[in-house]
Amino acid sequence: MSGKISRVGVIGAGTMGNGIAQLFASAGCNVVLRDLKPEFLDRGMAAITSSLDRLASKGKLSADKHAAILSHIRPTTDLADLADCQMVIEAVLENYDIKAGVIHELDKLCAEDAIIATNTSSISVTKLAAASKNPSRVIGMHFFNPVPLMQLVEIIRAMQTSDSVCDTVVELTASLGKTAHVSKDSYGFVVNRVLVPMINEAINCVHEGVASAADVDEMMKLGANHPMGPLSLADLIGLDVVLNIMQTLQAGFDDPKYRPSPLLKQMCDAGYLGRKTGRGFFVYGKR
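Residues numbered from 1 in each chain as written. Predicted model: local features only at pLDDT ≥ 70, side-chain atom pairs only at ≥ 80, totals over all residues. Heavy atoms only, no water.

A. Spotlight on the packing of helix α1 (residues 15–26) against helix α2 (residues 38–57). Viewed as axis vectors pointing N to C, α1 and α2 meet at an angle of 55°, and their least axial separation amounts to 9 Å. Regarding the angle of α1 to α2, the classification is oblique. Seen from above, α1 lies across α2 with right-handed handedness. Contacts from Asn18, Ala21 and Gln22 of α1 reach α2 at Gly44, Ala47, Ile48, Ser51, Leu52 and Leu55. (Axes fitted to C-alpha atoms, helices over the stretch in contact; angles between N-to-C directions. Helix = DSSP H or I, 4+ residues; strand = E, 2+ residues; numbered from the N terminus. Parallel < 35°, antiparallel > 145°, perpendicular 65-115°, else oblique. Left-handed = near helix turned anticlockwise from the far one by under 90°. Contact = heavy atoms within 4.5 Å.)

Take a look at the structure:
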């Protein structure tokens, strides 16, 4: 991989974290993937292996490359194993206190010139950066699911982020084969500020009986040329994540137009979170 960064830490082996780890390992970086429990790491590594298997079955990945990518990822439960990383990306739960706590711990562990990136999808990066004793090195690096396939990386500059850190991350993103677009720090940034309220309004259409979930999706696919309907997309993202983003937008902007749909809240209360639970607006497999 081109560029100066070759040792990368990823905190969180869930859907986003394991995708980020796979991406960096595929580019030749040595990746330390950290989570709290061995079973979380096992699931994350299994997801990476399955993703690579799919690429290999389509002839897009050789057996040697498959093995090399996996060899570049070292799973661990010990945060201290990230001490030598030149950059650490946190992909933990979308919760300010948890993310700020991770950044605070990385401050004590990592070298002073190590970059700390957050994969937050809606929380103020400026507020997260303030949890660091050196906030100029904190930046938002918002990947999209599935990470290996989605082209965009939304780069979010905190008010404190230095020019050199931003330039380095934009260059790094290009070296990963992704496209970086930089935005100022604002709740939801650009993509989720536009996308998630649209999904929320689609949910309201179902809640009010305007149309069924299937019909809403088909109309948006045929009438707006969307490759996936908004409710299928909500199921893929996770309805709990959609709710969390809407609540962040509503609290951040103090604007009632971001009020979450009552049906969205109810489905989250029921545990119908989409694909990851086997049921959301649609039913997936056997659970």
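B. Geometry of the environment of Tyr96. By the element assignment, Tyr96 lies in helix α4 (residues 96–109). In the structure, Tyr96 is positioned 65 residues away from Val31 in sequence and 25 Å away in space, judged by C-alpha atoms. The residues touching Tyr96, leaving out its near neighbours within four places in the chain, are Ile123, Lys127 and Leu128.

C. Quick peek at the side chain of Thr161. On the secondary structure map, Thr161 appears in the loop between β7 (152–157) and α6 (163–175). Within the structure, the side chain of Thr161 is placed 2.9 Å from the backbone nitrogen of Ala158, a separation counted as a polar contact. The residues touching Thr161, leaving out its near neighbours within four places in the chain, are Pro135, Ser136, Val138, Ile139 and Cys166. (Polar contact = N/O pair within 3.5 Å; in protein donor to acceptor, adjacent residues only side chain to side chain.)

D. Quick peek at the nonpolar core. Counting 37 residues, the largest nonpolar core has Phe24, Leu33, Met87, Ile89, Met141 and Phe143 as the members making the most contacts within it. At six residues, the largest contribution of residues to this core is made by α1. One finds Ala202, Val242, Ile245 and Cys268 within the second-largest nonpolar core, a separate group that totals 22 residues. (Core = buried A, V, L, I, M, F, W, Y, C linked by side-chain atoms within 4.5 Å. Buried < 20%, exposed > 50% of the residue type's maximum accessible area, 1.4 Å probe, protein only.)

Bear in mind that shape data such as this cannot, by itself, settle questions of function.
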